[in-house]
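Listed here are the chains, written in short residue letters.
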Amino acid sequence: MTSCRLHKFLAQATGLSRRVAEAAVAAGEVRLNGRVVTKLGVVIDPTHARVEWRGARLRAVRRFHYLAYYKPKQVVTTKSDPQRRRTVWSLLPERFDGLDAAGRLDYDSEGLLILTDDGAVVARLTQPRFAVEKVYWVKLSARPTAAALAQWTQGIPDDGTVLRAARVRMLRAEGAHAWVEAVLTEGQTRELRRMAAAIGLTVLKLKRTAMGPVRLGRLKPGAWRKLTSPEVQQLQHSACHSQGR
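Reading the values: the criteria
Per chain, residue numbering runs from 1 following the sequence as it is written. At least 70 in pLDDT is required for a residue's local features to be given in this predicted model, at least 80 for side-chain atom pairs to be given and counted, and no such filter applies to totals for whole chains, interfaces and linings, which use all residues. Computation of side-chain values covers all heavy atoms of the structure but excludes hydrogens and water. Buried means the residue's accessible area, taken with a 1.4 Å probe over protein chains only, is under 20% of the maximum for its type, while exposed means over 50%, and partly exposed covers the values in between. Secondary structure is summarised from DSSP: a helix means a run of H or I of at least four residues, a strand means a run of E of at least two, and numbering begins at the N terminus for each. In this context, the arc is that of the directions from the helix axis out to the C-beta atoms. Contacts were defined at the residue level, with two residues in contact if any of their heavy atoms lie within 4.5 Å. For the purpose of charge, His is not counted, nor are the chain termini; Lys and Arg are scored as positive and Asp and Glu as negative. Salt bridges, as used here, are contacts in which a Lys or Arg side-chain nitrogen is within 4 Å of a carboxyl oxygen on Asp or Glu. Polar contacts, as used here, are pairs of N or O atoms within 3.5 Å; protein pairs need one atom able to donate a hydrogen and one able to accept it. Residues neighboring in sequence count only if both atoms are side-chain atoms. We treat two strands as partners when DSSP finds at least two bridges between them. Working convention: axes come from line fits to C-alpha atoms, limited for helices to the stretch in contact. Angles between N-to-C directions cover 0 to 180 degrees. When describing relative orientation, an angle under 35 degrees is termed roughly parallel and one over 145 degrees roughly antiparallel, while 65 to 115 degrees is termed roughly perpendicular and anything else oblique. Handedness of a crossing is defined here by the sense of rotation of the near helix relative to the far one, left-handed for an anticlockwise turn of less than a right angle and right-handed for a clockwise turn. Here the term charged refers only to Asp, Glu, Lys and Arg, the term nonpolar to Ala, Val, Leu, Ile, Met, Phe, Trp, Tyr, Cys and Pro, and the term polar to all other amino acids, Gly among them.

Here the focus is helix α5 (residues 146–154). Within the span of α5, buried status applies to Ala148, Leu149 and Trp152. Looking straight down α5, one finds that the buried residues subtend no more than 95 degrees of arc, so they occupy a single side. Pointing more than 90 degrees away from the buried face of α5 are the exposed residues Ala146, Ala147 and Gln154. Elements that come into contact with the buried residues of α5 comprise β10 (134–140), β11 (156–158), β12 (161–163), β13 (167–174), β14 (177–184) and α6 (191–198).

Along the chain, the position of Arg124 falls in helix α4 (residues 119–126). We note that Arg124 is buried and unpaired, the nearest opposite charge coming from Glu133 at a distance of 9.6 Å. Reaching out from Arg124, the side chain makes a polar contact with the backbone oxygen of Phe130 at a distance of 3.1 Å.

Quick look at the pairing of strand β15 (residues 203–211) now. Two faces belong to every sheet, and in a regular strand the side chains alternate between them. Pairing geometry for strand β9 (residues 110–116) and β15, over two bridges, is parallel. Note on β15: the bridge partner recorded for Glu110 is Lys207. With seven bridges connecting them, β10 and β15 associate as antiparallel partners. Bridged to Val138 within β15 is Leu206. Strand direction decides the pairing type here: β15 and strand β16 (residues 214–215), joined by two bridges, are antiparallel. The residue bridging Ala210 from the neighbouring strand is Arg215, located in β16. Where β15 folds back onto β16 in an antiparallel hairpin, the turn is made up of two residues, including Gly212, whose phi is positive at roughly 55 degrees.

Further remarks concern the pattern of salt bridges. Scanning all chains against the criterion turns up 14 salt bridges. In this structure, Glu94 and Arg19 form a salt bridge, with 3.2 Å as the shortest nitrogen-oxygen distance. Here Glu94 is found in the loop between α3 (88–91) and β8 (100–101), whereas its partner Arg19 is found in helix α2 (residues 18–26), with 75 residues between them in sequence. Given the relative accessible area of 33%, Glu94 is considered partly exposed. Residue classification places Arg19 among the exposed residues on the basis of a relative accessible area of 52%. A salt bridge links Lys139 to Glu174, with the shortest nitrogen-to-oxygen separation between them at 2.8 Å. Of this pair, Lys139 sits in strand β10 while Glu174 sits in strand β13; the two residues are 35 residues apart in sequence, bridging distant segments of the chain.

Here the focus is the sheet that holds strand β3 (residues 35–36). Spatial ordering of the open sheet is given by β3-β2-β5-β6, a layout of four strands whose pairing is antiparallel. Each edge of the open sheet carries a strand with a single partner, namely β3 and β6 (56–57). Bridge count for strand β2 (residues 30–32) against strand β5 (residues 51–53) is three bridges, and the pairing is antiparallel. When the sheet's bridge partners are listed, Leu32 is paired in β5 with Val51. Docked against the sheet, helix α1 (residues 6–14) engages β2 and β5, running at close to 65 degrees with respect to β5.

This part covers the environment of Ile44. With respect to the secondary-structure elements, Ile44 resides in strand β4 (residues 43–44). Note: C-alpha distance between Ile44 and Ser3 (41 residues apart in sequence) is 5.5 Å. For Ile44, the contacting residues outside a window of four places in its chain are Ser3, Cys4, Leu6, Phe9, Leu32, Ala49 and Val51.

What follows is about the packing of α1 against α2. Where α1 contacts α2, the two axes come as close as 8 Å, and the packing angle between them is 120 degrees. One element, α1, and the other, α2, form an angle in the oblique class. As for how α1 packs across α2, the hand of that crossing is right-handed. On α2, the residues that touch Leu6, His7, Lys8, Leu10 and Ala11 of α1 are Arg18, Ala21, Glu22, Ala24 and Val25. Among the residues making up the contact of α1 with α2, the classes are represented as six nonpolar, one polar and three charged.

Here is the structure:
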């Protein structure tokens with residue numbers, strides 16, 4: 001475990017929520033190297049610091065948590081929002097306050113988020129150099145031509161960068177609209193919406209259905225599940241393998 005804030009270490013070592021851990025520090029329940037600490041934000045090295053809570057010595061814990069969560073539409077992927085919109089963490093149980101999202105979905109998008117306190121997995125899923133595939137179902141305002149969709153994989157210059165899907169295919173027509181499946185490996189800001197605009201179409205719905213080995217499956221909006229052991233092992237293996245490149 002690398003350096004971290006005292007209250008975060010307390011939460012990880014005891015199972016307390018981040019909020020309760022902060023309150024415990026502020027109430028003088030925690031000693032650091034024999035001295036009571038009440039100030040929040042103190043950074044420690046858990047491998048050398050002696051931390052006690054209510055008289056008991058705490059040990060560094062390397063037990064990580066992994067969740068698949070179906071983010072509903074009109075929810076932001078942050079822990080707070082100045083516009084007072086609903087956030088992912090306002091909808092989840094408080095015990096998940098210490099988890100982070102491995103990548104974001106914009107306010108109007110929905111689908112799979114992976115929430116974890118495993119920094120190596122977060123890096124693996126979010127850094128473009130690792131090229132982890134994310135699968136999206138996209139409802140477009142009209143049926144695109146084959147030539148228009150081909151632009152998505154060939155690359156579309158936009159605002160000084162190039163937007164590109166690894167793969168794209170038609171799923172089905174729905175009245176005057178169409179659903180396509182797009183696979184991205186970089187995940188630039190509002191990438192699919194910008195790619196649709198470049199071929200004269202509008203994204204009506206956008207849902208992420210997979211990230212690496214993890215699938216959304218039958219989760220409903222707002223629901224979550226713990227990742228299975230095989231899913232966790234695949235994520236950890238790919239993270240360790242990528243870090244060794």
